[in-house]
Structures are given as C-alpha cells and as structure tokens.
Number of protein chains: 2
Amino acid sequence: MATDLMPALFEPAQGEDITIPMASNPLSPRVSSFLAEANFQDPHLVVDLEQVLLNYQNLDQAMPQAEIFYAVKANPERQILQVLADSGSSFDAASLNEIESCLTLGIDPDRISFGNTIKKQRDIAAAFQKGIRLFAFDSAEELGKLAESAPGSHVFCRVLVNCDGAEWPLSNKFGCSMEMAEQLMIEAQKLGLIPTGLSFHVGSQQTQIHQWGLALGQIKKLYSSLKLRGITLTHINLGGGFPTQYTTDIPSIAAYGQGLEFALEQQFGDQIPKVLIEPGRYIVGNAGVIEAEVVLVAQKQEGDERRWVYLDIGIFSGLAECMDEAIKYPISILGKETCKEVGSVILAGPSCDSVDVLYKETAYQLPLNLKAGDKVHIHSTGAYTSTYSSVGFNGFPPLKCVCI
Amino acid sequence: MATDLMPALFEPAQGEDITIPMASNPLSPRVSSFLAEANFQDPHLVVDLEQVLLNYQNLDQAMPQAEIFYAVKANPERQILQVLADSGSSFDAASLNEIESCLTLGIDPDRISFGNTIKKQRDIAAAFQKGIRLFAFDSAEELGKLAESAPGSHVFCRVLVNCDGAEWPLSNKFGCSMEMAEQLMIEAQKLGLIPTGLSFHVGSQQTQIHQWGLALGQIKKLYSSLKLRGITLTHINLGGGFPTQYTTDIPSIAAYGQGLEFALEQQFGDQIPKVLIEPGRYIVGNAGVIEAEVVLVAQKQEGDERRWVYLDIGIFSGLAECMDEAIKYPISILGKETCKEVGSVILAGPSCDSVDVLYKETAYQLPLNLKAGDKVHIHSTGAYTSTYSSVGFNGFPPLKCVCI
C-alpha cells in the first residue's frame, strides 16, 4: 500500500531479499538540537520548514515554466502551507476541508485547485461559493455536478495515460480514456463550463523521468484533436510524482526539469501551454523525520536469525506507506548511528494486529545492542504520514507533527 | 490487510471472481428510524447497544465455563464498555489508554488484562500502579520489564500455535515457540512473577472450530510439561477469533461453545483450568452499521462493464479491513434494497489515493439506477472500523461512532 503509488515502480518486496543498511544521514543540527531538547515520550514527526522552503525553491528553479500547486494532502500542517503561500505556491486540494485550510491562511481562491475527481455536489457548491474556480473531473456524472454547482468554472479532465505496458495502470481509479476525455471536454463547453486543461499522473515517487515524456505524447494528441474541434486548452497539469530521497538514489530535480522541458518542447514546439504541477512528496518528504522509540527487541524461538524489533509507531499510526513495504524509509538509531555491529531485524508496530509489520521482506540492519528505550529516527517522513495516522487504533494516539 | 486476520481463512480475493449480491438484511426498526431522523451528512457508524448486549449474553451462554475479556480494541466506545461492564465482562486492553478508558468507567483493575505482548516499560509501571495484575508476554525482554515494573504480577505467555500448515502462521508477530514458552514460564517464576497461564490466537474471524482443538492439543503438552517442572497453570486463554456475520455463513456460537467444551475435555478431562476468551469482533461486529453516501458513479471509458462507485468512506476513513478485500461487508442501498436490476461495480473511497479501493476483485451487485447522493448501508461494521479511521487523510474527517 502506498499513496497513489504504482507499486511496479518500486523494488518488489515479496520474495526478494533486500538488505537496507542503517542510515548514516545525520539530522541537521537544528533538528537534532530541537529533538534533544524536546525529549518526546511518544512518536513525533518534526518538519524542518527551512528544508520545505528549499525544496520549493529548488523545484521552482528546476521548472521555471511550471506553476506549482502544492498537494495539500501530503502534509496539511498550517505552517507548511504558510511557508509555501508566502513563497508564491498555489495549492491542490483534495477536499473542502483542505480548501478551507488554505482560505483560512488568507490564500486567494484563485490559487487553489479542487483537484479531486470525486466530490460531493454540496462540496462543489460550497467551494464555488468560496471563490474556487478550478475543478478536476474524469466522468460525465462529475461534469454534470460541476455544471450545476460551479457554473462557468474552469475544468480540467484527468486522463488515464498508458505509459508502458506492465509498469502501468495497476489501478484506474482516476482518469478516463482519451476518447472519453475528448467527449467530456466538448460536453463541458456545452454545459457552460470552461474546458481549460488536461491532467495526468505518472505515479508517486516516479523515478523514470521519461514516463512524463511518454504521457505527454498521448496528451498532445488529445490536445490537437480538441483544437480541431474548437477547444484550445490553456493548461496541461503534469500531476505530481517527483520523488524524495529514501534509501535508493533518485535523479536530481534539475534532471526532471530538463526532461520535462525537453518533452514539452518536443510535443508543443514553441506553443507550450501553461504547465501546472502538483508536487507533494518532493516538497515535504525529506523535510520530515519521525522520532520514535524501540518498545521491545524479541527473539521468538531459539536460533532465530532475525530479531523482532517493535516500535511505538506502526502501519496504523503514521507509517501506512510501509504497507507492502512500498516505501523504504532510511532508519537510524540515536546515539548508535555509527555502530558497526549490526544485524537483520523484522520491524513491526505496537498494535495487536498481525498486519502491523513494517518491514519483513526487507532486512533492515540495526545495531546488535539495540534495546527497548532506544530512540529511532525514521527519515524522509514529511509526506503522507501524520494524516494517515489512525485516530486511536489500539488506544495509541495519532502521530503528532511539529514544524520548526 | 485486516485485523489480526490470517488471510488464508478467507476466500482469496486475487484472481477470483466473487460476486456478492446486494444485502437484503434490513436494519432493525430502531436503527432504521434513528438513521432516518438523524439524516447524517457524512459517514457515521451506528452501534446498537441492545445487539451488543445480546451478543455478550449469547456468548456467555454458549461458553459458560469461560471468563469473557472483551477486546477493547475492537471498539472502545465508552457506552459499549459500560454495557459490557454492567453485564459482568472483563476486558482485554492493548494499551495504557485502553486501560484508562476502562478504569474511568469504574471497572475494577482485577477485571482488566494488559494483553498486548508489546509494552513500554513506563506503561507497564503505570498500569501496575493503577492496580493491573495480569500481563501478557512472549519474549525474554518483555518478561524482564514485567519483573522490574510489575513485580509479583500474574503473567501469561502467548505461544505461536501451529494449526495446520498452509493455513497458519502467515505472521509470527505474536507468540513464541512452545520450547521458549516453557523456558520463559520457568524464568518468570524465578523473577518473582506468577506464571499463571498460556494464550494463543487462532486468527480473527475463524470459521473452523476445530482449529481451537488442534491448538489446545499443543497447549496441553506444554501445560503438562510445565506441571512436571512444578508450575501449575491456572488459566488457558483461548484468544478471540469468534466470527461475526458478513456475507458468508458462519457456524452458530453454540457450535463454538460445544466444540471448545469438547476440545477442553478431550485434553484436560475433568481438570480443565480456568478458561479466558478475548472476543472483540463477535461482540460488536454485527451490532454496527455504517451509513455512508455515494459520491460518484462513473464510467471511465465506453463499454466499461463495471461502474466505478465512489463512496464518502474508504480504506483510510474506517474500512481498513477492506484492504486486500479481506472482509466482505454486506452492503445495501437505502430505499433500493429490493431493487432487482443490479449490476457489478468497483467500490472505492473518496481519497486521491489509488490504494483506496474497497472492492475490485469482488464484484458487488448494486442497483443500475444508483447515483450520487444515494445512502449506502455497510452492515456488520461495529468492529475494527472507527478506530482505524485516519485523523484526516485528504482532509476527510474520521468516522464518527454513535451508540444507541
């Protein structure tokens, strides 16, 4: 399980024997000293706002032609939204609540896209009433709702791109076929809406830059076809998917910028429409670290090769993206970061649920002298953690998020 | 994914083409009229306390020899705990918070078991200080913590039973080997604790009654072996696993009672130790119904055989046990319960997450005239729903629970 992930883009976990060394990445001095002073007694996510800002600036620099719509769902903390708003970001909201979070901060409704293709009619109406004028859709029924409750708004259709066979779509929850998109965009105009753009998504944490190029080839055909039918799109929404650094190397953001620029020029020449992107993970992922605690180190039978290590955080308290071991976070142990005597562990959460196992196929290497009470740092956890956290499964409190 | 489920005990979802007809089970008149009056605008779980009481009484009657420890994690709503406390139930707590919930209601600490084998040392100390004297463990490190922070307490060791090959353990997160259990029980006595019992768990929603018999055979050997070494156990904890009614038939609770009685007599003759059981799902499962709403009915391309039906509740807002389509809840549509013109749908949640699909391999049959705004009843959802709910993924609020 993972957020909008196409699992095939990751190393398959099942049956493979992936070994992950203990992370050496040290915390920045300010995060480190903050944690030392705070001395938390339960799991906390600490987000470094300076890193958030730096990520935003790097992305903005790498893709100067793109308007950045931060995917609020990645981490909706007020201070994160504020930093990004101050830097000129726009916002991609998945729900009315996310829209309201943005508006409360004084963000102009013109800078907010209601990007979920699944919306209640009354939520569309409420968003429209609050000034939102940009909406996503991917079906006739949704278009009908928009025409009724957000008349005259700009709408963009999410299409299902077919990147290259096996690696693509494991889920077609979002996006309609190219053919249907064409019909719906024409219908949108008839219904009094402004068919402005097309969007697609190549999968979260996408490390193959050429996937955007492949998708843009298909988008261009639809774009041209619509132009012939009198509809000139003013924007292309490239979605999100820009990766953050976990335990494997990723291309630089500059490489993404160059790759996208090349693909856009290849398809659109000197008539490139306005480009929107919806980064979430890239902006906040590596800005966050979770400090948790070892609750128990156990052997379950004589001669067990791997120790069971239970943390006070698990699948249901923030680490949902460890489901199927999709995301492999770098992990280190406070005070034992440079320990050379390490061994394989199975990492699990604290709940009475057998599903609450973080890494089993993936063999993390942790110190042999690991023991209950040791503090654990789970790095690059700024995105898709705190909001996934359950309200209180097994009575454990949700993951707290602190921005510094 | 599912709560403590052994997936092999369910119909495999992958690759199979399971068709589930629309549920005909009507709501009880009191639940029905409550919902009609409340007219909720977002998903709510309604728990019928009369049904909770009835379930408790039926179980108590079917297994008069067993002391019932309600697994608080299944649904920790205060009113549920109160009804059960008033009926004489004891409680199995997974965390200090769950213990505190019980104590706040005036439940005697003698009636509470700290049943999680994964506990922080300071939580053990706090529980002990509050009067808790019964603790689970399954490893040497945990035993050491108990000896230090809960001196003189009764402890029971969770063992990993090997029911029958392929159907068993997919996870050995809980329980140690029989050999290790024997050593640890002896060690417990040396450490000044009172080694009182053994526990095991045959998997949640276990429909094969003979699994308890198989497990008890192994438990008996350990029991006898410990007796030879001077340790006479006073209780056997049979865990939970008693099923609630979903979309397939289950044996009656009387059949479980008879099966367990037979197995206990077979193993222990007329010297049956005290028996503890930890039901959760059985007590609250069928007492709950979720009322949700259809947000969107969509076709994604021409000629699609199955409609996509998006609800305002999904994997991350309460229906976590739909992961891997493990639990197949009965589903009906308000006002269209008897509709004969139905067709297959893919059911999904409202979040911008491709993982948030409830049923895809399983083809639920829902009315052809289904449309946005229709109210959906998801039955038998009293257990393991509201607490799994995320705090606000995508900005959607957690599932609310109302007891009537």
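This one's a predicted model, so the numbers in the text were calculated from it and none came from an experiment.

Chemist: Looking at this structure, I do not really get the domain arrangement of chain A. What am I missing?
Modeler: Bring the parts together and some accessible area is lost; that lost area is often taken as the interface size. Residue and element names in this part refer to chain A. Split by domain assignment, chain A resolves into domain 1 (49-285) and domain 2 (286-403). Between the C-alpha centres of domain 1 and domain 2 there is a distance of 33 Å. The partner domain 2 presents 18 residues to the 20 residues of domain 1 that form the contact. Around 1600 Å² of area is buried between domain 1 and domain 2 when both sides are counted, 54% of it from carbon and sulfur atoms. Ranking the residues of domain 1 by area buried against domain 2 places Y246, R281 and G285 at the top, with a combined share of 33%. Applying the counting rule to domain 1 against domain 2 returns 1 salt bridge. The partner of R281 in a salt bridge is E321, and the shortest N-O contact between them spans 2.8 Å. There are 13 residue pairs in polar contact (both at pLDDT 80 or more) connecting domain 1 and domain 2. Listing elements by their share of the side of domain 1 that touches domain 2, those giving two or more residues are α2 (49-62), α3 (78-86) and α10 (281-284).

Chemist: Can you walk me through the packing of aromatic side chains in this structure?
Modeler: Aromatic ring pairs are reported here in terms of the distance separating the ring centres and the angle at which the planes meet. Taken as a whole and assessed by the stated rule, the structure comprises 30 aromatic pairs over all chains. Taking the centre distance of 6.5 Å and the plane angle of 70° together, the rings of Y384(A) and F393(B) count as edge-to-face. Highlighted residues: Y384(A) in the loop between β16 (375-379) and β17 (400-403) and F393(B) in the loop between β16 (375-379) and β17 (400-403), drawn from two different chains. Judged by relative accessible area, which is 2%, F393(B) ranks as buried. Between Y359(B) and Y364(B), the aromatic rings sit 4.4 Å apart at their centres with planes inclined by 35°, giving tilted as the arrangement. Residues Y359(B) and Y364(B) agree in their burial class; the two are buried. Ring pairing ties together the aromatic residues F316(A), F393(A), Y384(B) and Y388(B), which thus form one cluster. The residue whose ring lies beneath R133(B) is F128(B), and the NZ or CZ to ring-centre distance is 3.9 Å. Its guanidinium or amino end placed over the ring of W308(B), K300(B) lies 5.6 Å from that ring's centre, counting from NZ or CZ.

Chemist: Looking at this model, I keep getting lost on the relation of the copies chain B and chain A. Mind explaining?
Modeler: Two copies of one chain are present, and they are related through a rotation about an axis combined with an axial shift. Rotating chain B by 180° about the axis while translating it 0.0 Å along that axis superimposes it on chain A, leaving an RMSD of 0.0 Å. Here the two chains are linked by the operation of a two-fold rotation axis. Relative to the rotation axis, the C-alpha of S390(B) is the closest in chain B, positioned 2.0 Å from it. Interface residue correspondence from chain B to chain A reaches 100%, placing this contact among same-surface, isologous pairings.

Chemist: Where do I start with the interface of chain B and chain A in this structure?
Modeler: Listed by partner, the interface residues are 74 residues for chain B and 74 residues for chain A. For the pairing of chain B and chain A, the buried interface totals around 5800 Å² over both sides, and the portion due to carbon and sulfur atoms is 56%. Looking at the side of chain B facing chain A, the largest losses of area belong to K173(B), K300(B) and C352(B), adding up to 12% of the total buried there. The interface formed by chain B and chain A includes 10 salt bridges.

Chemist: What should I look at first to understand the confidence of the model for chain A in this one?
Modeler: Note that predicted coordinates carrying low pLDDT should not be read in detail. Residue and element names in this part refer to chain A. Averaged over every residue, the pLDDT of chain A is 91; residues scoring 70 or more account for 94%. pLDDT under 50 marks residues 164-170. Its contacts with residues more than four places away, or in other chains, come to 21 contacts. Confidence estimates for the predicted assembly give a pTM of 0.93 and an ipTM of 0.93.

Chemist: Mind showing me how you'd approach the pairing of strand β7 (residues 154-158) of chain A here?
Modeler: Remember that side chains alternate between the two faces of the sheet whenever the strand is regular. Residues and elements named next belong to chain A. Within β7, 4 of the 5 residues are buried, leaving the element largely enclosed by the surrounding structure. Where the polypeptide runs from strand β6 (residues 134-137) across helix α6 (residues 140-149) and back to β7, its parallel neighbour, the crossover connection is right-handed. Pairing geometry for β7 and strand β8 (residues 194-199), over 5 bridges, is parallel. Bridged to V155 within β8 is P195.

Chemist: Can you help me understand the pairing of strand β11 (residues 288-298) of chain B in this one?
Modeler: Residue and element names in this part refer to chain B. Extensive coverage of β11 is indicated by the burial of 11 of its 11 residues. Relative to β11, strand β2 (residues 44-47) runs antiparallel, the two being bridged by 4 bridges. Looking at the pairing, H44 lines up with E291 of β11. In this sheet, β16 lies alongside β11 in antiparallel orientation, the contact comprising 5 bridges. Bridge pairing links E291 to H377 in β16. Where β11 and strand β12 (residues 307-311) come together, 4 bridges link them in antiparallel fashion. Each bridged residue has a counterpart across the sheet, and for V297 the counterpart in β12 is V309.

Chemist: I keep staring at helix α9 (residues 253-268) of chain A and nothing clicks. Help me out?
Modeler: Turn by turn, an α-helix covers 3.6 residues, leaving residues three or four places apart pointing in a common direction. Residue and element names in this part refer to chain A. The terminal C-alpha atoms of α9 lie 22 Å apart, and with 16 residues this matches the ideal 22 Å at 1.5 Å per residue to within 8%. Considered for burial, the residues of α9 that qualify are I253, Y256, G257, L260, A263, L264 and F268. Looking straight down α9, one finds that the buried residues subtend no more than 140° of arc, so they occupy a single side. Away from its buried face, by an angle of more than 90 degrees, α9 presents the exposed residues Q258, F262 and Q266. Elements that come into contact with the buried residues of α9 comprise α2, α8 (210-228), β9 (235-237), β10 (274-277) and α10. Of the residues flanking the end of α9, it is G269, one or two places downstream, whose phi is positive at about 55°.

Chemist: Looking at this model, I keep getting lost on the packing of α2(A) against α9(A). Mind explaining?
Modeler: Each packed pair of helices is defined by two parameters, the angle between the axes and the distance between the axes. Residues and elements named next belong to chain A. Where α2 meets α9, the closest approach of the two axes is 8 Å, and the angle between their N-to-C directions is 30°. When the axis of α2 is compared with that of α9, the two are roughly parallel. Viewed along their axes, α2 and α9 form a crossing whose handedness is right-handed. Contacts between α2 and α9 involve N58, L59 and A62 on the former and, on the latter, I253, A254 and G257. The class makeup of the residues in the contact of α2 with α9 is 4 nonpolar, 2 polar and no charged.

Chemist: Sorry, what's going on with the nonpolar core here?
Modeler: It is characteristic of soluble globular proteins that their nonpolar side chains tend to be buried jointly. Residues F200(A) and F200(B) are the most contacted members of the largest nonpolar core, which totals 232 residues. Once residues lying within four places of it in the same chain are set aside, the contact partners of F200(B) are V159(B), V161(B), W212(B), A215(B), L216(B), I219(B), I236(B), N237(B), L238(B) and G239(B).

Chemist: How should I be thinking about the pattern of salt bridges in this particular structure?
Modeler: Opposite charge on two side chains lets them pair, provided their charged atoms get close. Here the structure, examined in full by the defined rule, presents 36 salt bridges over all chains. Its salt-bridge partner being K173(A), residue D356(B) comes within 3.7 Å of it at the nearest N-O pair. Within this pair, whereas D356(B) is found in the loop between β14 (342-348) and β15 (357-367), its partner K173(A) is found in the loop between β7 and α7 (178-190), the two belonging to separate chains. With relative accessibility at 1%, the residue D356(B) sits in the buried group. Given a relative accessible area of 0%, K173(A) falls into the buried group. K336(B) serves as the salt-bridge partner of D374(B), at 2.6 Å between the closest nitrogen and oxygen. Placement of the pair is D374(B) in the loop between β15 and β16 and K336(B) in the loop between β13 (331-333) and β14, with a sequence separation of 38 residues. When sorted by exposure, D374(B) lands in the same class as K336(B), which is buried.

Conventions used here
- Residues numbered from 1 in each chain as written.
- Chains lettered and ligands numbered in written order.
- Predicted model: local features only at pLDDT ≥ 70, side-chain atom pairs only at ≥ 80, totals over all residues.
- Heavy atoms only, no water.
- Domains from an automatic or database assignment.
- Contact = heavy atoms within 4.5 Å.
- Buried area = accessible area lost by both parts, 1.4 Å probe.
- Salt bridge = Lys/Arg side-chain N within 4 Å of Asp/Glu carboxyl O.
- Polar contact = N/O pair within 3.5 Å; in protein donor to acceptor, adjacent residues only side chain to side chain.
- Helix = DSSP H or I, 4+ residues; strand = E, 2+ residues; numbered from the N terminus.
- Phe/Tyr/Trp six-rings, centres within 6.5 Å; stacked < 30°, edge-to-face > 60°.
- Buried < 20%, exposed > 50% of the residue type's maximum accessible area, 1.4 Å probe, protein only.
- Lys NZ or Arg CZ within 6 Å of the ring centre and 35° of its normal.
- Least-squares fit on C-alpha atoms with pLDDT ≥ 70 in both.
- pLDDT = per-residue confidence, 0-100.
- Right-handed = clockwise from strand over helix to strand, strands pointing away.
- Pairing = 2+ DSSP bridges.
- Expected span 1.5 Å × (residues − 1).
- Arc of directions from axis to C-beta.
- Axes fitted to C-alpha atoms, helices over the stretch in contact; angles between N-to-C directions.
- Parallel < 35°, antiparallel > 145°, perpendicular 65-115°, else oblique.
- Left-handed = near helix turned anticlockwise from the far one by under 90°.
- Nonpolar A, V, L, I, M, F, W, Y, C, P; charged D, E, K, R; others polar.
- Core = buried A, V, L, I, M, F, W, Y, C linked by side-chain atoms within 4.5 Å.

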